[in-house]
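Listed below are the residues making up each chain.
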Amino acid sequence: MKYTEISHFSHPQHKLRFEHNDIPFKCDGCKEIGIGSRYKCSICDYDLHTHCAIPSTSLYHPFYTKCTFQFMSAPPGNTPRYCNACEKDINGFVYHCKSCGFDLHPCCAKLPAILHDGETKLYLYRKVSSPCHRCGRKGRSWSYRSNCKSYNLHVACVREMLVENWQQLYIGHGPHGRKIDRDIPSLKNTMYAGAHSRGSKGKKVKKCCEIAGFAVQIVISAVLGDPTALIAGVVGAFMSRA
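Residues numbered from 1 in each chain as written. Predicted model: local features only at pLDDT ≥ 70, side-chain atom pairs only at ≥ 80, totals over all residues. Heavy atoms only, no water.

What to know about the confidence of the model for the protein
Quick reminder of the rule: Per-residue confidence from the prediction method is given by pLDDT, with values spanning 0 to 100. Contact criterion: two residues are considered in contact whenever any of their non-hydrogen atoms come within 4.5 Å of each other.
Here the protein shows a mean pLDDT of 76. Residues at 70 or above account for 70%. Within the model, pLDDT remains below 50 along residues 171–206, and this stretch shows 52 contacts once partners closer than five positions in the same chain are excluded. Across residues 231–242, where pLDDT falls below 50, the model places 39 contacts with residues more than four positions away in sequence or in other chains.

Below, the structure written as structure tokens:
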């Protein structure tokens, strides 16, 4: 449920208003990158993912049937902790299971089980036996796999793409902030070299490229906290690394 305006314990001096903006931001709650929907204090330039702004007190995840994850404003203890979904460090808000010690970023904890655009579907798995199309490794972290089972993408690899391209992704709000082309390329029609081959092989390669393009875009959107967000400007950079 979305509210137009909320009060939040992490920013008590001002209320936060819900907005949707394609300009990327860094969430002041979980300290991770976001895009699309957010709760924002325009006075202080304070931003929260919707998952961080209105968290669940506790949650259960189908991948960890014996765990109860409690929302915490900071990771427990004094040792570094990492997210069991994406393998990245926990630096802010977190869902933590005291009994097993597992941790999840709020956006990772709320990753949709299925992503789809009406034609292609991607299913979230804790582990898959096939290699990731970015890193070539198996079973590294949570993964999204296409319904044709021919395309896999680690959530961890998506996080790495975002970190590697942060300077391109982030648009500064200060006087020296760079303007980035925000036109959205059509990934549905993206084809790599070799996709123009004639016959059934060429069609198969073309279809695989279309699935790959869709997967990169929508999985990045989901990891950023808004599966409906359109990723601008840097999609080409992501695609070149996928």
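Concerning the environment of P106
Inclusion rule: Runs of H or I in DSSP of at least four residues are treated as helices and runs of E of at least two as strands, each being numbered from the N terminus. Each residue is placed in one exposure class: buried if its accessible area under a 1.4 Å probe, protein chains only, is under 20% of its type's maximum, exposed if it is over 50%, and partly exposed if it falls in between.
Inspection of the secondary structure puts P106 in helix α2 (residues 106–109). When its relative accessible area of 0% is taken as the criterion, P106 is described as buried. Between the alpha carbons of P106 and C52 there is a distance of 6.3 Å; along the sequence they are 54 residues apart. Not counting chain neighbours up to four residues away, the residues in contact with P106 comprise C30, H51, C52, F93, V94 and Y95.

Brief notes about the pairing of strand β11 (residues 143–146)
Look at any regular strand and the pattern is simple: side chains alternate between the two faces of the sheet. Quick reminder of the rule: Note on pairing: two strands pair once DSSP finds at least 2 bridges between them.
Of the two faces of β11, both are covered, the one formed by S143 and R145 as well as the one formed by Y144 and S146. With 4 bridges connecting them, strand β10 (residues 121–125) and β11 associate as antiparallel partners. Counterpart to Y125 in the pairing with β11 is S143. For β11 and strand β12 (residues 152–154), the ladder comprises 3 bridges, and the chain directions are antiparallel.

Remarks on the packing of aromatic side chains
Where we set the bar: Ring pairs shown here join Phe, Tyr and Trp side chains whose ring centres sit within 6.5 Å, with only the six-membered ring taken for Trp; geometry is labelled stacked below 30 degrees between planes, edge-to-face above 60, and tilted in between. For a Lys NZ or an Arg CZ to count as sitting over a ring, it must be within 6 Å of the ring centre and within 35 degrees of the ring normal.
Going through the model one piece at a time under the given rule, you end up with 8 aromatic pairs. Ring plane angle 70 degrees and centroid distance 5.9 Å describe the contact between Y64 and F69, whose orientation is recorded as edge-to-face. A residue is classified by how much of its surface remains accessible, and Y64, at 5% relative accessible area, is buried. Judged by its relative accessible area of 0%, F69 is buried. Plain terms: the ring middles of F71 and Y95 are 5.5 Å apart, the flat faces sit at 65 degrees to each other, and that makes the pair edge-to-face. Residue F71 is located in strand β6 (residues 64–72), and its partner Y95 is located in strand β7 (residues 94–96); the two are separated by 24 residues in the primary sequence. The exposure class of Y95 is buried, given its relative accessible area of 0%. Ring pairs connect the aromatic residues F63, Y64, F69, F102 and W142, which therefore count as one cluster. The ring of Y125 carries R145 above its face, with NZ or CZ at 4.4 Å from the centroid.

So, the pairing of β6
In this structure, strand β5 (residues 58–61) lies alongside β6, joined through 3 bridges in antiparallel fashion. Bridging from a neighbouring strand, L59 pairs with F69 of β6. The pairing of β6 with β7 spans 3 bridges and is classified as antiparallel. Each bridged residue has a counterpart across the sheet, and for Q70 the counterpart in β7 is H96.

Let's talk about the side chain of R145
Filter applied, for reference: Polar contacts, as counted here, are pairs of nitrogen or oxygen atoms within 3.5 Å of one another; within protein the pair requires one atom able to donate a hydrogen and one able to accept it, and residues that are adjacent in sequence qualify only if both atoms are side-chain atoms.
Structurally, the position occupied by R145 is in strand β11. R145 gets classed as buried once you look at its relative accessible area, which sits at 14%. A polar side-chain atom of R145 sits 2.9 Å from a polar atom in the side chain of Y125. Apart from residues lying up to four places away in sequence, R145 is in contact with K121, L122, Y123, Y125, V128, Y151 and N152.

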